[in-house]
Amino acid sequence: MRPVLYVLSFLALIALGFWAYRENYATQAALKEVQSLQRQIAGLREALSIQKAEWAYLNRPDRLRELATVNFDRLGLLPMEPGQFGSAAQVSYPRARLPEIDFPVDVQGQAFEGEGL
Amino acid sequence: MRTPLRPLARILQARADGLNPDQIERENLRLRHEAMREKSRARAEFRLLILCVSFVCAFGAIGARMGLMAATTPVEPRASAPGAEILAQRADITDRNGRILATNMTTHALYAHPKVMVDPKGTALKLAEIFPDLDPAALERRFTDGRSFVWIKKVLSPEQMQLVHEIGDPGLLFGPREMRLYPNGTLAAHVLGGTSFGAEGVHSAEVIGTAGIEKALDARLRDPAQAGKPLILSLDLSIQATVEEVLHAGMTMLNAKGAAAILMDARTGEIISLVSLPNFDPNDRPNPLVDKNAEPGDSPLFNRAVQGVYELGSTFKIFAAAQGMELGLVGPETLVDANAPMIWGRHRIKEFEGKNYGPLLSVTDVIAKSSNVGTAHIALMIGPLRQQAFLKALGFFEPTPLELIEAPGARPLIPKKWPEIVTITTSYGHGMSASPMHLAAAYAAIANGGVMIKPTLLKREGATTGVRVMSEATAMESVKMLRRVVTEGTASLAEVPGYEVAGKTGTADKPKKTGGYYDDKVINTFASVFPASNPQYVLIVTLDEPLDNTLSQARRTAGWTAVPVASEIIRRVAPLMGLRPKLEPPAVDAVTAASN
C-alpha cells in the first residue's frame, strides 16, 4: 500500500510541476502581449495626436479664409452678415402629403345592423 | 517494558538481609522518573529545533526578498490597468468649442558623441549643409576639442532627420522630444505665450511655458493626472480670427503703430477674444528687445490689451456719471455747469478743440458730447474719497486677475496723492493709467446690471457670482447714456443696424518719457456695450497712434479711428456669436413734465 502511495504522490508532484511550468510561460506570454499592445496603443495615440494637430493646422482660420477667397467662383462664400438671420416662418416646410385612399369601404348603415334593428 | 517498583525477588532478598525493602522501591521510582525526564527533554529540544529552523527560514526569506527588492532597479509593473495614460505629456489647450490652440508633437533632437565619431570634419561640413544656421568651423572645433557630448539641434523635422541618418556617422545620435505646436500660427499668440525646453536629457526634455497662459498655468498643464484633459479657454477661435482680421485691416488703414481689442461676455466674465497687434508666432517666439531705449510697446511680444497701461481718456467719464447717479447727486437730465474753459487753481480745463458746450448741459449730454468740464463738475460733487472708492471697486487700483503671467505685472498707474485737481482729471481719464483689460472689466460691470465679475480666460461652467458695485437702475441709465453717445454723440460711426451699440470714445495724448504730452501722438479707445436693450457683450478697441487722413484734414480722434473699427468688428462678430439683429423701436418723443 505504501509504495503505491509514494508513486502516486511522486506522479502528482511531476504533474503539478508541469502545470506550474506551463502557467509560468503562459503568464510571461500574456505579459509580453500586453506590453506589445500597450506599445501599439502608445504609437496609435501618438499618431492620433499628430493627426489632430494636422487637422487643426489644415483648418486654421487663415488658410480657410484664403481657400474661400481662391474658390469664391465655385463656393461663393462670404463672411456672415447680420442680414442673413431669418425667422423660422421663412423656412418652407414640405407640404404634408395625405395618404391615398386605397380601399374605399362604404360604412353607411352598418351601425344599425350591428344594433340588430 | 515496565519494571515493577517492588520486584519480589529483590524484596525477599533484602528482607533476608535485614535491609529496608522501601529503599528498593524509592530507588526504582527515581530511576523511572529520570527516564521520563530524559524523554520529555529530548522531545522539547527537538520541538525547539523545529521552531528555530522555521523561524530562521521565515525571517531569512523575508530578509532575502527585502534585500532583493532594495538591490534591483525598480521596474514598472507590466500588467498595468488598461487605458492608463502612456504618454506623459503637456495637456492640450483648446478654445471654448474644443478646437485645438496648442498641442504636442513628437520629434527628435540631435546630439553627438564626438569620441566615437569616425570623421568629425566631414560630419561637421555635411551637418552645416543640412542646417544652414550652423557654422561648420565652430561645429568641427566642438567635435575635436575632447568633449564627449555635444548638443547639435533641439528639434528636427523628419526630412532633416533622414538627411542626418544618411551622413551615417555613428557619433550622431537622436533623442526623442516632445514639441509644443501652435497650429493656428499667430492666432491668440499673446494669450498662449509660448514654451521652451527646460531641463534636457537625452531621452526626454521638459517643456515649460515661457509666457502667457502657458506659463501662468504651467503647473496645471504639466500635471500628469490631468494630462489627458485639455485646458479649455474661453476664447472662440473663429471670433478671435475675425477680430484679428478686422483689427489688422483697421490698424493698417489708419496707420496705427499698434492695436488691441477685447471682447468679453459681460454676464460670465469670459474673454471671447483678446487681440494685441502687432503679434508674433508662438511656434517661433522672437527674442525680447534688448535695447534699453526701446519702449516695451515696440516689441511684438508686448500684450497691449493686458500689459499696455495707458491713460484711457474720456471712456472714464461714464464712471463719474454713473457714480453721480448712484449717489443721487445727479439724474440723467440734471443740468450741470459745463461752461468752458473751467479755471481750477492754476489749471484751465478745456474742451476738445476749445469748444464750449455750456453754460449748462444735462448729464446725458455731458456724456454724449464728451464734455470735460461737465464731468469735472460731477466729479467735484462726488469728491476725491468716494471717487477713489468707486474706481477701486471697479478694479482700477489692482492688476487684472487674468490667467496670464503678464497680468499681475501690469499695475495701473495711480497718482500718489489725490487732490481735487486729480479728481477732476481722473474723471475724464487723465492722470491715471490702466490697461484696456481694466476698462473691459469695468464696462462689463455696467453692462451686467452693476455686478462686477472677474474677467477670465478659462471657460466658466455654471453660474457666476460677482460683487455689486452699483444699482441695476444706475447701470441701466448708464447704458442708455452710452447709447446716446452712439445715436447722437461722438461715436455716430459705431451704429450697427440691429445691434444697438452703446459706447464711449476716448482720445488721450501719449505722455512723453521726459514729461508732458505729445501733440500728435494719441491713444484712441472705444469702449462699447451691445446690444443696449439687453447688454451681453463688451468690446474695447484701442489704437496706438492712429491717423485718419482719408479726408483732407488729418484726424486723430477716436470717433474717426477706433469707432469705425469697433463697429466693423461688431458687425462681423455678432452674427458669429448667434446674436440676432433686432429692429429698434422708433424713438418715443420725450415726455415733458408740465406744471400748471
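Residues numbered from 1 in each chain as written. Chains lettered and ligands numbered in written order. Predicted model: local features only at pLDDT ≥ 70, side-chain atom pairs only at ≥ 80, totals over all residues.

On to the overall build of chain B, then. Looking only at helices and strands, one finds 17 helices and 20 strands in chain B. Computed over its C-alpha atoms, the radius of gyration of chain B comes to 42 Å, more than 25% above the 25 Å expected for a compact globule of 596 residues. Each principal axis of the C-alpha atoms in chain B carries an extent, and together these give about 165 × 85 × 50 Å. Out of the 596 residues in chain B, the part that is buried amounts to 44%. Excluding contacts between residues fewer than 6 apart, the proportion of contacts in chain B whose partners are at least 24 apart in sequence is 69%. (Helix = DSSP H or I, 4+ residues; strand = E, 2+ residues; numbered from the N terminus. Rg over C-alpha atoms; globule rule 2.2 N^0.38 Å. Buried ≥ 20, exposed ≤ 12 C-beta atoms within 10 Å, placed from the backbone. Contact = placed C-beta atoms within 7 Å.)

Attention now goes to the overall build of chain A. In terms of regular secondary structure, chain A is built from 4 helices and 0 strands. The N-to-C order of helical and strand elements in chain A reads α-α-α-α. Against the 2.2 N^0.38 benchmark of 13 Å for 117 residues, chain A shows a C-alpha radius of gyration of 40 Å, more extended than a compact globule. In terms of overall dimensions, chain A has C-alpha extents of about 100 × 80 × 20 Å along its principal axes. Each of the 117 residues in chain A was classed as buried or not, and the buried ones make up 3%.

Our next topic: the interface of chain A and chain B. Contacts between chain A and chain B engage 23 residues on the former and 27 residues on the latter. Among the elements of the structure, α1 (2-58) and α2 (61-70) of chain A are those that each provide at least two residues to the side of chain A that touches chain B. A per-element tally of the side of chain A that touches chain B places α1(A) first, with 14 residues. Across the side of chain A that touches chain B, the residue classes break down as 13 nonpolar, 4 polar and 6 charged. (Nonpolar A, V, L, I, M, F, W, Y, C, P; charged D, E, K, R; others polar.)

Moving on to the sheet that holds strand β8 (residues 258-265) of chain B. All names here are of chain B. Reading across the sheet, the 5 strands line up as β9-β8-β20-β19-β18 and stay open at both edges, with antiparallel pairing between neighbours. With partners counted over all chains shown, the strands left at the sheet margins are β9 (271-277) and β18 (502-511), one partner each. Neighbouring strand axes in the sheet, compared pairwise and without regard to direction, differ in orientation by 10° on average. In this sheet, β9 lies alongside β8 in antiparallel orientation, the contact comprising 6 bridges. Across the sheet, the residue bridging to A259 is L277, located in β9. Strands β8, β9 and β20 (537-544) of the sheet are contacted by helix α9 (residues 237-253), whose axis makes an angle of about 30° with β9. (Pairing = 2+ DSSP bridges. Axes fitted to C-alpha atoms, helices over the stretch in contact; angles between N-to-C directions.)

Before going further, it helps to examine the confidence of the model for chain A. Averaged over all residues, the pLDDT of chain A equals 85, while 91% of them reach at least 70. pLDDT under 50 marks residues 113-117 of chain A. Its contacts with residues more than four places away, or in other chains, come to 1 contact. (pLDDT = per-residue confidence, 0-100.)

Attention shifts here to the domain arrangement of chain B. Residue and element names in this part refer to chain B. Entries for chain B in the domain assignment read domain 1 (93-122 + 150-232) and domain 2 (238-576). In this structure, domain 1 and domain 2 have C-alpha centres spaced 40 Å apart. Of all the secondary structure elements, the ones that give two or more residues to the side of domain 1 that touches domain 2 are α6 (189-192), β6 (205-211) and α7 (212-216). A class-by-class count of the residues in the side of domain 1 that touches domain 2 yields 12 nonpolar, 7 polar and 2 charged. (Domains from an automatic or database assignment.)

Between its terminal C-alpha atoms helix α2 (residues 21-71) of chain B stretches 75 Å, which fits the 75 Å expected from 51 residues at 1.5 Å a residue. Of all 51 residues making up α2(B), only 0 are buried, and the element is barely covered by its neighbours. (Expected span 1.5 Å × (residues − 1).)

All names here are of chain B. Packing of helix α3 (residues 120-130) against helix α5 (residues 158-167) brings their axes to within 10 Å, and their N-to-C directions diverge by 160°. As the angle between them shows, α3 and α5 are arranged roughly antiparallel. Of the two elements, α3 crosses α5, and the hand of that crossing is right-handed. Judged by residue contacts, T123, K126 and I130 of α3 engage Q160, L163, V164 and I167 from α5. For the contact of α3 with α5, the per-class residue count stands at 4 nonpolar, 2 polar and 1 charged. (Parallel < 35°, antiparallel > 145°, perpendicular 65-115°, else oblique. Left-handed = near helix turned anticlockwise from the far one by under 90°.)

Let us now look at unusual backbone geometry. Residues and elements named next belong to chain B. P278 follows L277 through a cis peptide bond whose omega is -5°. Its place among the elements puts P278 in the loop between β9 and β10 (310-311). Cis geometry marks the peptide bond from F530 to P531, where omega comes out at -15°. Tracing the backbone through its elements, the reader meets P531 in the loop between β19 (517-530) and β20. Not every positive phi belongs to a glycine, and E500 is a case in point at roughly 45°.

Across the 10 residues of helix α1 (residues 8-17) of chain B, 0 count as buried, placing the element largely on the outside. Positioned one or two residues after α1(B), B:G18 has a phi angle of 75°, which is positive.

Caution applies to low-pLDDT parts of the model: their predicted coordinates are not meant to be read in detail. Residue and element names in this part refer to chain B. Of the residues in chain B, 95% reach a pLDDT of 70 or more, and the chain-wide mean stands at 87. Across residues 81-86 the pLDDT falls below 50, and counting only partners more than four positions away or on other chains, this stretch makes 6 contacts in the model. Confidence over residues 590-596 falls short of pLDDT 50; this stretch has 0 contacts with residues more than four positions distant or in other chains.

Next up on the list: the packing of α3(B) against helix α4 (residues 136-144) of chain B. Residue and element names in this part refer to chain B. It is at 9 Å that the axes of α3 and α4 come closest, and there the two elements cross at 145°. In the crossing of α3 with α4, the sense of the turn from one axis to the other is right-handed. Note on element contacts: α4 touches α3 through P136, L139, E140, F143 and T144, opposite P120, K121, T123, A124, L125, L127 and A128. The residue makeup of the contact of α3 with α4, split by class, is 8 nonpolar, 2 polar and 2 charged.

Moving on, we get to the nonpolar core. All names here are of chain B. One finds A261, V538 and I569 to be the most contacted residues of the largest nonpolar core, which totals 133 residues. Top contributing element to this core by residue count: helix α15 (residues 436-447), with 10 residues. Residues lining this core come from more than one domain, with at least three contributed by each of domain 1 (93-122 + 150-232) and domain 2 (238-576). In contact with V538, not counting residues within four places along its chain, are M264, A266, A440, Y443, A444, A447 and V529. Within the second largest apolar cluster, 11 residues are counted, among which are A112, L127, F143 and L156. (Core = buried A, V, L, I, M, F, W, Y, C linked by C-beta atoms within 7 Å.)

Another aspect to go through is the environment of B:K480. All names here are of chain B. Position of K480 among the secondary structure elements: in helix α16 (residues 472-488). Given 15 C-beta atoms within 10 Å, K480 falls into the partly exposed group. Sequence separation between K480 and S533 is 53 residues; the distance between their C-alpha atoms is 8.3 Å.

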